[in-house]
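# Structural description and commentary
Residues per chain are reported as follows:
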Amino acid sequence: MKKTVVFIVCAFIGLSTSNAQVIQGTSNVGGGSSADTEFNIGVKAGFGASTFFGSGFTGISARPSVYAGGIAEIPAFFDGFYLQPELVFSLQGADVGLDNLNLYYLNIPLMGKYHITEEIAVELGPQIGFLVADSWDDPVTGSETNKINLGINIGGGYRLNENLYFQLRFSPGFTKILDDINLTNGVFQVGAAYFF
């Protein structure tokens, strides 16, 4: 597992380094500028709320969550469309009764982003998450935490300028958090990306 995570991190960094040049061409989506034709890399961070969906526990309520990581923006296929791979460390979980149950993931979304106008974009894409740590005691829950979490991201964004891009995202999970309990992740995020 550790080798897989290290490989993915190195591949992401290698992709960002080897492709950090301007892709020649022009774009005019929504009155877009020449920045629409560039490969961009940056950082992103934000906060939100996370919870569990399912019937495994009672008394579940959402709790604050945070995330931080890297982001790339690659023009693809047609004007206004981008592939947007990300590498994000995310604190997730929920409040169950008096307990705060924390899950720490290294998430790798691969988003497709389309700019409806120069400023406004919609985003959709799959995500794989690797569990780095958790706060529950396996003997108490009677079930082992799954190390892989698959999900999808649905959202959009607002580009303020060439560097600053605000994001709004909902991320439901498909994979059970625990082997024998019907619970999945659900995360709502608000944040920003800064492209260099």
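My aim in this report is to walk through the structure given alongside it, one point at a time. In this text, all values refer to a predicted model and were calculated from it rather than measured experimentally. (Residues numbered from 1 in each chain as written. Predicted model: local features only at pLDDT ≥ 70, side-chain atom pairs only at ≥ 80, totals over all residues. Heavy atoms only, no water.)

### Overview of the overall build of the protein chain
Applied cut-off: Secondary structure follows DSSP: runs of H or I at least 4 residues long count as helices, runs of E at least 2 residues long count as strands, and numbering of each begins at the N terminus. Exposed residues in this analysis have more than 50% of their type's maximum accessible area, buried residues have under 20%, and partly exposed residues fall in between, with area computed by a 1.4 Å probe over protein chains only. Note on contacts: a residue pair qualifies if any of its non-hydrogen atoms lie within 4.5 Å across the two residues. Only the protein chains shown count as cover for residues, and the accessible areas themselves come from Shrake-Rupley with a 1.4 Å probe.
Within the protein chain one finds two helices and nine strands. Counting from the amino terminus, helix and strand elements in the protein chain follow one another as α-β-β-β-β-β-β-α-β-β-β. Considering the protein chain as a whole, with its 196 residues, one finds that 46% of them fall into the buried category. When contacts within the protein chain are restricted to residue pairs at least 6 apart in sequence, those whose partners lie at least 24 apart make up 60%. Counting only carbon and sulfur atoms, one obtains 66% of the accessible surface of the protein chain, whose full area is about 9700 Å².

### Some points on empty space enclosed by the protein
We count it as follows: Note on definitions: the grid is 1 Å and covers protein atoms alone; a cavity is a set of points where a 1.4 Å probe fits but cannot get out; a pocket is an open set with protein on both sides within 12 Å along at least five of seven lines; lining residues have an atom within 4 Å of a point. Grid points are joined across faces, edges and corners, and a volume is the space filled by probe spheres set on the points. When residues are sorted by character, Ala, Val, Leu, Ile, Met, Phe, Trp, Tyr, Cys and Pro go into the nonpolar class, Asp, Glu, Lys and Arg into the charged class, and all the rest, Gly among them, into the polar class.
Counting across every chain of the model gives three cavities of 30 Å³ or more. Considering only enclosed or pocket space, the largest cavity measures out at about 70 Å³ in volume. What lines the largest cavity is a set of 13 residues, and nearest its centre among them are Asn107, Pro109, Gln127, Arg169 and Gln189. Among the elements of the structure, strand S4 (81–96), strand S5 (99–115), strand S8 (164–172) and strand S9 (183–195) are those that each provide at least two residues to the lining of the largest cavity. Element by element, the count of residues in the lining of the largest cavity is highest for S4, at three residues. Its residues assigned to classes, the lining of the largest cavity shows four nonpolar, six polar and three charged.

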